Every structure is written in C-alpha cells, then in structure tokens.
Amino acid sequence: MTGIGILGTGSYLPADRVSNAVVAERAGVTEEWIARKTGIRERRYAADSEATSDLAVEAARAALDSAGLDAAQLSWILLATSTPDSPQPATACLVQDRIGAVNAAAFDLNSVCSGFVFGLVTAARLLAAPGPDGPGYGLVIGADTYSRIIDREDRRTAILFGDGAGAAVLGPVRSGHGLIGSQLSTVGGTEDLIRVEAGGSRLPASEKTVAEGLHHFRMNGRGVSEFVAAELPPAVREVIASGGLRNSDIDHFIPHQANGVMLAKLLPELGLDRARTHLTVERHGNTSAASIAITLDEAHRSGAFGDGDVLLLTGFGGGMSLGSALVRWDGPAARAHRKETV
C-alpha cells in the first residue's frame, strides 16, 4: 500500500510589485493604515498581457521540474481559480495544452480562497482510486488575478489582493505518508459575505451591470472575520483528529494568507504553539486560491520540511468554504523519484 503525497512544488509571481503607496492613493487611505490593518507591504499585479492561465502555466512548469516529471506523465490537472480566463472553456484546458499534458484530464474548481486545498484533497482521492496502471500523477494549481476584478477605489478590498499562482505535483509516496487527513466543508447561506454579483446567469453582463460596478469583487470584511473566528478553530481540531494526531504533532502550519493582522489574532485560538507558521502575506498580499500554494512552495524551496514532518494546510473562502489537509512529508520518495526521471 502506498500513500498519495506531494512530490514537487512551484509558484509564479508577476514582475510588477505594487507598493502600499500606489494602492493607498486610489483607495483614499495611507500606507501606514494599510500596513496596520492588514500587515501587507506590497503585492504583485499581472501585466496587461498576462491572464490567469499564463500564471498557472509558469507555476505548473516549476512544479513539474521540482518533481522531475514530464507533463505527459500526468493523469489529472485541477486548477483552482475564481478568476478564469473566460467563462468557457475551463482554464485548466488551456494549461493542459500549453504544458503538453496530453494524457491528463483537466478541469477547473472554484472554492475561492480555499480552492487549492479542495483541489489537493480531490486530486489525492482521484489518484488513490483503483486504476489499471497504478495511481499515476496529478497536478494541482491555485491561480488568480484579482487585480482584474477589484474596485481599486474600495479600501475594503483593494488593499488586500494581489496576483499569483502556485502548484503541487501529487503521486505515490510511502505508506503512512502523504495526505493523512482532510476536512472540507461549506456553510451555505453565507454567500453574501464574498461575492461577484454580475457576469453569470443570474445577472448577465450588460451596460447596467457594468455601470453599477457589479462585476467587481465585494466582501463584508467584518462578517468574514467573524465567520473565520467561529468556524476555523473547530475545523482545525476536526482535521487533526481525523489523522489520529494531537495539536503538538503539527510541525508546519500553512494558512490562507488572507490578512496578516487577522491571522495574528487567530493563531492563539488554534492551539498550534509548536508548529512553525509560514507567512508570505506581507510580500504578496492575498492571492486567493494561490496563496497557500505559493507559501507551500516558498517553504519547500527554503528546505523547511524534513522527512516525516506533518504539514497542516488550511484555507477559507467564499461560499463560505473551509478546507484543511494534513500531509506527512515524504522527502525520500520525492528525491528517489527525481533521480529516476531526470
């Protein structure tokens, strides 16, 4: 018996660094106010020539290189995004073509900021299902370009978001390693907290919806904070228990990089005192579905994870959705595979 775990990671950030000074001027606030409210100092915006698929392709290539795999070896591609290139086709199909993943089935997944964790758990379960050729390999990508849907005069949202993409390659690892626990949930009736109202079948695009700014991302920040404070601690306890572990067994905590100040208030409630919490929000802002994947990649490339370390990845986003994954890191499996395939 084998597990399904992470064999490689990758990420991509656009070149354009956007400081608090730039954001503050349009949002009608000060640089200091943004830093005090969010802990963010800068974020990246995609170039005019870049769409979500472009960011996703770069992160995918980096993850495949990290894992020592060719794209043709992939069986699945799951792209978590709430800012697709277009309503149809799935942006994952564009990525599949551009990286040469000729044998992979590809589809998009939208759980907003928790999308990467939802994709990770879904891909692991797909790979664990019986197949004639064994589990195969999967690619999970989180990619978003929120600079295209934020209202840059709305200080509640414009100060938070940036663009980016992160990815992970999944495949066979030693038994007892890889994904060892997960918790996915949706709390319906909270759809008003995070929303883009127009552009779908309920409110198709029209001159009126554009004039009223209904294609912009909107968020009830206080409501989101209250939801996360109430719902996240019990969800974290549940996922840790699902892996037969205790809080003290968690070595690394990689949360959704929503808001640095909110995370600082939340951490004591989670009881993860022994874990090393990885944060990138100060430099990248909130990159939605990409934030956990980018942070995971930066931690991996820094050499933070040791063999057998337990990682807790936790996301929360529109819907409202909550997703957590427990991963026992299998360093030798990834290194051995890389030696065989490179």
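Keep in mind the model is a prediction, meaning the values are calculated, not measured. (Residues numbered from 1 in each chain as written. Predicted model: local features only at pLDDT ≥ 70, side-chain atom pairs only at ≥ 80, totals over all residues. Heavy atoms only, no water.)

A.B. asks: Can you break down the overall build of the chain residue by residue, with the values?
C.D. replies: Per the secondary structure count, the chain includes eleven helices and 14 strands. The C-alpha atoms of the chain give a radius of gyration of 19 Å, which matches the 20 Å a tight globule of 342 residues would have. With the principal axes as the frame, the chain shows a C-alpha extent of 55 × 45 × 35 Å. Per-residue burial over the chain gives 54% buried out of 342 residues. Long-range pairs, those at least 24 residues apart, make up 78% of the contacts in the chain between residues at least 6 apart in sequence. Roughly 14,400 Å² of accessible area belongs to the chain as shown, and the carbon and sulfur atoms make up 48% of that amount. With 31 positive and 39 negative side-chain charges, the chain shows a separation of 4 Å between the mean positions of the two kinds. (Helix = DSSP H or I, 4+ residues; strand = E, 2+ residues; numbered from the N terminus. Rg over C-alpha atoms; globule rule 2.2 N^0.38 Å. Buried < 20%, exposed > 50% of the residue type's maximum accessible area, 1.4 Å probe, protein only. Contact = heavy atoms within 4.5 Å. Areas by Shrake-Rupley, 256 points an atom, 1.4 Å probe, with all protein chains shown as cover. Lys, Arg positive; Asp, Glu negative; His and termini not counted. Charge placed at Lys NZ, Arg CZ, Asp CG, Glu CD.)

A.B. asks: Now, about the side chain of Thr287: what can you tell me, with residues and values included?
C.D. replies: Following the sequence through the fold, Thr287 ends up in the loop between helix H9 (281–284) and helix H10 (291–301). Classification of Thr287 as buried rests on a relative accessible area of 2%. Only 3.1 Å separates the side chain of Thr287 from the backbone nitrogen of Ser291, close enough to count as a polar contact. Setting aside its immediate chain neighbours within four residues, Thr287 contacts Asp144, Gly162, Asp163, Gly164 and Ile294. (Polar contact = N/O pair within 3.5 Å; in protein donor to acceptor, adjacent residues only side chain to side chain.)

A.B. asks: How would you sum up the packing of helix H7 (residues 221–242) against helix H8 (residues 260–270)? Please name residues and give values.
C.D. replies: Across the interface, H7 lies against H8 with an axial gap of 10 Å and an inter-helix angle of 35°. Remark: the crossing between H7 and H8 carries right-handed chirality. Contacts between H7 and H8 involve Ser225, Val228, Ala229, Leu232, Pro233 and Val236 from the former and Met262, Leu266, Glu269 and Leu270 from the latter. For the contact of H7 with H8, a count of residues per class yields eight nonpolar, one polar and one charged. (Axes fitted to C-alpha atoms, helices over the stretch in contact; angles between N-to-C directions. Left-handed = near helix turned anticlockwise from the far one by under 90°. Nonpolar A, V, L, I, M, F, W, Y, C, P; charged D, E, K, R; others polar.)

A.B. asks: Which residues make up empty space enclosed by the protein, and what values go with them?
C.D. replies: Using a probe with the size of a water molecule, rolled over the atoms, empty space left in the structure can be pinpointed. Going through the model one piece at a time under the given rule, you end up with one cavity of 30 Å³ or more. Space inside the largest cavity adds up to approximately 40 Å³. Lining the largest cavity, in full, are Ile4, Gly5, Ile6, Leu120, Ala124, Leu170, Gly178, Leu179 and Val327. Elements supplying a minimum of two residues to the lining of the largest cavity: strand E1 (3–12), helix H5 (115–128) and strand E8 (178–186). If you tally residues by element for the lining of the largest cavity, the top one is E1, at three residues. Residues belonging to the lining of the largest cavity are distributed by class as follows: seven nonpolar, two polar and no charged. (1 Å grid on protein atoms, 1.4 Å probe; cavity = no way out; pocket = protein on both sides within 12 Å on 5 of 7 lines; lining within 4 Å. Points joined across faces, edges and corners; volume = space filled by probe spheres on them.)

A.B. asks: How would you sum up the pattern of salt bridges? Please name residues and give values.
C.D. replies: For the coordinates displayed, the defined rule picks out 15 salt bridges. Among the salt bridges present, the one from Glu42 reaches Arg17, with a minimum N-O distance of 2.8 Å. Here Arg17 lies in strand E2 (residues 16–19) and Glu42 lies in strand E3 (residues 42–45), a separation of 25 residues in the sequence. We classify Arg17 as exposed; its relative accessible area is 51%. Linking Glu298 and Arg283 is a salt bridge whose minimum nitrogen-to-oxygen distance equals 2.9 Å. Note that Glu298 is positioned in helix H10 and Arg283 in helix H9, a separation of 15 residues in sequence. Its relative accessible area of 25% is what places Glu298 among the partly exposed residues. Since its relative accessible area comes to 38%, Arg283 is described here as partly exposed. The network of salt bridges with common partners includes Asp151, Asp154, Arg156 and Arg218. (Salt bridge = Lys/Arg side-chain N within 4 Å of Asp/Glu carboxyl O.)

A.B. asks: So, the sheet that holds strand E14 (residues 321–328): which residues are in play, and what are the values?
C.D. replies: Pairing within the open sheet is mixed, and its five strands lie in the order E8-E14-E13-E11-E12. Among the strands making up the open sheet, the edge pair consists of E8 and strand E12 (276–277). In this sheet, strand E13 (residues 310–317) lies alongside strand E11 (residues 252–255) in parallel orientation, the contact comprising four bridges. Bridged to Pro255 within E13 is Thr314. Set on the sheet, H5 makes contact with E8, E13 and E14; between it and E14 the angle comes to about 55°. Against the sheet, H7 contacts E8, E13 and E14, and its axis sits at roughly 145° relative to E8. (Pairing = 2+ DSSP bridges.)

A.B. asks: Describe the nonpolar core, naming the residues involved and giving the relevant values.
C.D. replies: Core analysis: the biggest nonpolar cluster contains 45 residues, and Ile159, Ile240, Ile250, Leu272 and Leu312 have the highest contact counts within it. Of all elements in the fold, only helix H1 (20–27), helix H2 (31–38), H7, H8, E13 and E14 reach the threshold of two or more residues within this core. Tallying contributions element by element places H7 first for this core, with eight residues. With sequence-adjacent residues up to four places away left out, Leu312 is seen in contact with Val236, Val239, Ile240, Ile250, His252, Phe253, Ile254, Leu272, Ser324, Ala325 and Leu326. Grouped together as the second largest cluster of nonpolar side chains are 28 residues, Ala63, Ile99, Ala165 and Val173 included. (Core = buried A, V, L, I, M, F, W, Y, C linked by side-chain atoms within 4.5 Å.)

A.B. asks: How would you summarise the UniProt feature "domain: Beta-ketoacyl-[acyl-carrier-protein] synthase III C-terminal" (unreviewed entry) in the chain if you had to cite specific residues and measurements?
C.D. replies: Sequence positions flagged by UniProt for "domain: Beta-ketoacyl-[acyl-carrier-protein] synthase III C-terminal" (unreviewed entry) are, in local numbering, residues 242–329. The span residues 242–329 is 31% helix and 25% strand, and its two end C-alpha atoms sit 17 Å from each other. (UniProt positions renumbered as here; feature names shortened; annotations may be inferred.)

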